[in-house]
Amino acid sequence: MVKRPTIYVATLAEKAPLALILAGIEEEEVPYELVTTEKKDRIAAAFELATRSPLAVGVVIDQTRAVLHYKNLPAEKPLFEIPNETTELMKLGANAARLVKGIPFKPLKEV
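What comes next is a walk through the structure. If you're wondering where the values come from, they're calculated on a predicted model, not measured in any experiment.

Cut-offs used in this document
- Numbering of residues starts from 1 in every chain and runs along the sequence as written.
- Totals for whole chains, interfaces and linings use every residue, but because this is a predicted model, local features are given only for residues with pLDDT of at least 70 and side-chain atom pairs only at 80 or more, for both listing and counting.
- The basis for the side-chain values is all heavy atoms of the structure; hydrogens and waters are excluded.
- Secondary structure is summarised from DSSP: a helix means a run of H or I of at least four residues, a strand means a run of E of at least two, and numbering begins at the N terminus for each.
- Within 3.5 Å is the distance limit for a polar contact, defined as a pair of N or O atoms, with the added protein rule that one can donate a hydrogen and the other accept it, and that residues adjacent in sequence qualify only through two side-chain atoms.
- Residue contacts are defined here by distance: any two heavy atoms, one from each residue, within 4.5 Å place the two residues in contact.
- When a residue's accessible area, from a 1.4 Å probe over protein chains only, is under 20% of the maximum for its type it is buried; when over 50% it is exposed; and in between it is partly exposed.
- Working definition: the arc comes from the directions between the helix axis and the C-beta atoms, pointing outward to the latter.
- By convention in these notes, a salt bridge is any Lys or Arg side-chain nitrogen within 4 Å of a carboxyl oxygen on Asp or Glu.

As for the side chain of Thr 6
Inspection of the secondary structure assignment puts Thr 6 in the segment before β1 (7-11). At 3.4 Å, the side chain of Thr 6 forms a polar contact with the side chain of Glu 33. The contacts of Thr 6, once residues within four sequence positions are left out, are Pro 31, Tyr 32, Glu 33, Ser 53, Pro 54 and Leu 55.

Below is the structure:
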């Protein structure tokens with residue numbers, strides 16, 4: 001059986017609002033897969049997932065922030081890093097999918 005190419009998504013905190021990111025990805029109709037990482041730093045973890053993902057995109061969320069990384073960027077420079085705010089997390093998920101699709105991003109408040 002051949003696996004579908006997917007965006008890799010992980011959480012580093014039990015109560016992180018992961019469902020909002022997943023809803024944003026689903027809205028754009030791109031497949032994702034929940035995976036694990038041994039990395040504790042959210043940026044390092046997101047880069048690791050991006051390098052492992054068949055679609056070259058990794059998303060990680062922890063208790064306070066979420067990161068979207070692309071494998072062709074420098075490891076320490078994610079594409080987006082945002083605070084965990086409801087509407088912004090959905091947009092971050094959508095932007096992960098839009099990166100795969102090659103269409104313009106939804107604007108995010110980056111802090």
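Additional details are given in the paragraphs that follow.
A closer look at helix α2 (residues 42-52)
Taken as a whole, α2 has its buried residues at Ile 43, Ala 45, Ala 46, Leu 49 and Ala 50. Buried residues of α2 fall within an arc of 160° about the axis and therefore sit on the same side. The secondary structure elements touched by the buried residues of α2 are β1, β3 (57-61), β4 (65-70) and β5 (80-83). By the N-cap criterion, in which a side-chain oxygen at the helix start approaches the backbone nitrogen of a residue two or three places on, α2 is capped by Asp 41, the distance to Ile 43 being 3.2 Å.

Some thoughts on helix α1 (residues 18-27)
Regarding α1, the residues found buried are Leu 18, Ile 21, Leu 22, Gly 24 and Ile 25. Buried residues along α1 cover an arc of 155° about the axis, so they all sit on one side. Contacts made by the buried residues of α1 are with β1, β2 (32-34), β3, β4 and α3 (86-101). With its phi angle positive at about 60°, Glu 29 sits one or two positions after the end of α1.

What to know about the pattern of salt bridges
Side-chain pairs of opposite charge can arise where the charged atoms are in close proximity. Scanning the entire structure with this criterion turns up nine salt bridges. As a salt-bridge pair, Arg 42 and Asp 62 come within 2.6 Å of each other at their nearest N and O atoms. On the criterion of sequence distance, the pair formed by Arg 42 in helix α2 and Asp 62 in the loop between β3 and β4 is long-range, its members being 20 residues apart. For the salt bridge of Glu 85 with Lys 109, the shortest nitrogen-to-oxygen distance reads 3.2 Å. Of this pair, Glu 85 sits in the loop between β5 and α3 while Lys 109 is found in the segment after α3, placing the two residues 24 residues apart along the sequence.

The quantities given are spatial measurements derived from coordinates; they are silent on function.
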